[in-house]
Amino acid sequence: MEYVRDGAEIYRRSFATIRAEADLSGLPEDVSRVVVRMIHACGMVDLVDDVRFSAGVVTAARKALLDGAAVLCDAEMVASGVTRTRLPAANEVICTLRDPAVPRLAAEIGNTRSAAALDLWGDRLGGAVVAIGNAPTALFRLLEMVAAGAPRPAAVVGIPVGFIGAAESKEALAESGLEYLIVRGRRGGSAMTAAAVNALASEAE
Ligand SMILES: C/C1=C2N=C(/C=C3N=C(/C(C)=C4\N[C@@](C)([C@@H]5N=C1[C@](C)(CCC(=O)O)[C@H]5CC(=O)O)[C@@](C)(CC(=O)O)[C@@H]4CCC(=O)O)[C@@](C)(CC(=O)O)[C@@H]\3CCC(=O)O)C(C)(C)[C@@H]/2CCC(=O)O
């Protein structure tokens with residue numbers, strides 16, 4: 001069968017197609033590189049219309065990663081999607097969702113396991129890069145924790161997907177004063193979020 005078999009060539013053509021079809025003209029170059037990779041992960045060139053970000057998010061996330069910050073993820077799917085070789089300082093990639101304490105914590109706080117898992121991030125939250133790609137309740141919980149005085153992360157890639165709470169949690173992040181990158185509305189997901197972290201982690205495409 002006739003198809004492209006060279007991985008590097010597939011990536012090159014994909015990124016060229018995205019840059020030809022997506023209107024990236026309203027984005028600063030550093031954000032545009034991240035959005036290209038997010039589009040690459042989901043195949044939707046109109047995603048760019050819904051991307052919102054704070055002015056310093058790419059600089060803040062990149063500096064944090066260069067300084068060795070951890071990447072804190074809401075779901076194993078996000079953590080699995082982060083390409084370790086792209087991380088500049090052998091950064092830890094952490095997801096606490098499967099910790100045996102999480103179901104009990106969730107019952108105690110009356111929230112989902114995804115939200116309760118954040119309570120195990122502890123001191124690692126200060127200066128970290130947070131990547132939330134699945135659970136709106138995890139993003140809400142992060143904002144509650146920061147509002148209650150928890151250490152502030154360096155940047156938040158907040159792209160949970162879905163119908164219940166996804167849009168609202170992302171709007172709340174944009175209003176929080178944290179450095180943020182979101183996709184407004186229902187769209188999001190673990191693959192797109194991991195792709196954003198991978199773009200933030202490395203200058204190279
Ligand atoms: C309500 C939940 C939603 N899940 C979505 C989409 C996907 N979730 C997958 C998987 C495998 C997981 N989802 C959990 C996080 C699970 N999902 C929920 C919760 C019930 C509540 C989260 C919330 O509303 O904020 C949540 C369980 C919890 O108590 O926190 C997961 C932990 C469930 C489990 O396996 O135990 C698990 C995460 C596994 C991991 O660590 O990676 C899907 C693959 C669905 C599937 O299995 O078919 C899919 C992945 C989407 C993605 O790109 O990440 C929604 C749509 C996000 C939804 C929340 C919003 C809504 O409108 O319903």
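This one's a predicted model, so the numbers in the text were calculated from it and none came from an experiment.

Some details on the packing of aromatic side chains
So, step 1. Enumeration over the complete set of coordinates arrives at one aromatic pair.
So, step 2. Judged by centre distance (5.8 Å) and plane angle (70°), the rings of Y11 and F15 are edge-to-face. With Y11 and F15 both in helix 1 (residues 7-21) and four residues apart, the pair spans about one turn of that helix.
So, step 3. Since its relative accessible area comes to 37%, Y11 is described here as partly exposed.
So, step 4. Relative accessible area serves as the criterion here: at 7%, F15 is assigned to the buried category.
So, step 5. For the cation-ring pair, R5 lies above Y3, with the distance from its terminal atom to the ring centre recorded as 4.3 Å.

So, the UniProt feature "domain: Cobalamin biosynthesis precorrin-8X methylmutase CobH/CbiC" (unreviewed entry) in the protein chain
So, step 1. Under the feature "domain: Cobalamin biosynthesis precorrin-8X methylmutase CobH/CbiC" (unreviewed entry), the UniProt entry names residues 9-202.
So, step 2. Structurally, residues 9-202 is divided into 45% helix and 10% strand, and its ends, taken at the C-alpha atoms, are 19 Å apart.

Some words on the site of the ligand
So, step 1. Taken together, 18 residues are adjacent to the ligand, and S114, T137, F163, I164 and S190 come closest.
So, step 2. Between an oxygen atom of the ligand and a side-chain N or O atom of N134, the distance comes to 3.1 Å.
So, step 3. Protein chains shield 58% of the accessible area of the ligand, which is 1100 Å² for the free molecule.
So, step 4. Considering only residue class, the shell around the ligand consists of eight nonpolar, eight polar and two charged.

Things to note about the pattern of salt bridges
So, step 1. The tally for this structure, following the rule as stated, stands at ten salt bridges.
So, step 2. Across the salt bridge formed by E108 and R104, the nearest N and O atoms sit 3.0 Å from each other. On the criterion of helical spacing, the pair formed by E108 and R104 is a turn pair, its members being four residues apart in helix 5 (residues 102-109).
So, step 3. By relative accessible area, E108 is classed as exposed at 55%.
So, step 4. Overall, the relative accessible area of 48% leaves R104 in the partly exposed class.
So, step 5. A salt bridge links R141 to E144; the shortest N-O distance between them is 3.4 Å. Of this pair, R141 and E144 both sit in helix 7 (residues 136-147), three residues apart, which is roughly one turn of the helix.
So, step 6. Exposure remark for E144: the relative accessible area of 45% places this residue in the partly exposed category.
So, step 7. One network of salt bridges, with partners in common, ties together E9, R12 and R13.

Basis of the calculations
- Residues numbered from 1 in each chain as written.
- Predicted model: local features only at pLDDT ≥ 70, side-chain atom pairs only at ≥ 80, totals over all residues.
- Heavy atoms only, no water.
- Phe/Tyr/Trp six-rings, centres within 6.5 Å; stacked < 30°, edge-to-face > 60°.
- Helix = DSSP H or I, 4+ residues; strand = E, 2+ residues; numbered from the N terminus.
- Buried < 20%, exposed > 50% of the residue type's maximum accessible area, 1.4 Å probe, protein only.
- Lys NZ or Arg CZ within 6 Å of the ring centre and 35° of its normal.
- UniProt positions renumbered as here; feature names shortened; annotations may be inferred.
- Near = heavy atom within 4 Å.
- Polar contact = N/O pair within 3.5 Å; in protein donor to acceptor, adjacent residues only side chain to side chain.
- Areas by Shrake-Rupley, 256 points an atom, 1.4 Å probe, with all protein chains shown as cover.
- Nonpolar A, V, L, I, M, F, W, Y, C, P; charged D, E, K, R; others polar.
- Salt bridge = Lys/Arg side-chain N within 4 Å of Asp/Glu carboxyl O.

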